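A closer look at the structure
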Amino acid sequence: MLAPNAKLRARVVPQVPEAPAQAARSAECDANCAHHRPVRLSSAKLLKRVFDLDLEHGPNCGGELKIIAAILEQPVIEEILTHLGLDPRPPPKGRAREAGQD
């Protein structure tokens with residue numbers, strides 16, 4: 001009966017008439033208030049939180065970094081890594097450790 005779309009809600013919950021200006025302010029607040037918007041962290045902030053990798057500031061000067069491209073094609077990635085003198089093959093997959101093994 002108290003659910004927002006319950007058929008009998010109007011009989012149980014008292015209806016208080018809302019002033020038009022207050023209704024408009026309430027609707028505006030619902031759209032703009034921070035507590036009504038979903039919280040989404042950027043991938044850079046998630047990497048900072050999980051792996052302590054700071055991808056928002058430069059390692060030398062501390063200035064703000066900006067992503068200018070995302071390279072997703074495997075051949076292009078391999079070509080770039082080879083050009084930089086790095087091994088383009090990923091490391092072999094290791095076995096998962098069991099709990100308590102260190």
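Residues numbered from 1 in each chain as written. Predicted model: local features only at pLDDT ≥ 70, side-chain atom pairs only at ≥ 80, totals over all residues. Heavy atoms only, no water.

**Some words on unusual backbone geometry**
In this structure, Asp52 takes a positive phi of about 55° despite not being glycine. Inspection of the secondary structure puts Asp52 in the loop between helix H3 (43–51) and helix H4 (74–83). (Helix = DSSP H or I, 4+ residues; strand = E, 2+ residues; numbered from the N terminus.)

**Notes on the confidence of the model for the chain**
Confidence in the prediction of the chain, expressed as mean pLDDT, is 79, and 73% of residues score 70 or more. Mean pLDDT per element in the chain: helix H2 (residues 20–32) is the minimum at 58, and H4 is the maximum at 94. (pLDDT = per-residue confidence, 0-100.)

**Section: the pattern of salt bridges**
Under the definition given, this model contains two salt bridges. The residue Asp52 makes a salt bridge to Lys48 at a minimum N-O spacing of 3.2 Å. With a relative accessible area of 37%, Lys48 lands in the partly exposed category. When the shortest N-O distance is used, the salt bridge between Arg89 and Asp87 registers 3.5 Å. Owing to a relative accessible area of 62%, Arg89 belongs among the exposed residues under this scheme. (Salt bridge = Lys/Arg side-chain N within 4 Å of Asp/Glu carboxyl O. Buried < 20%, exposed > 50% of the residue type's maximum accessible area, 1.4 Å probe, protein only.)

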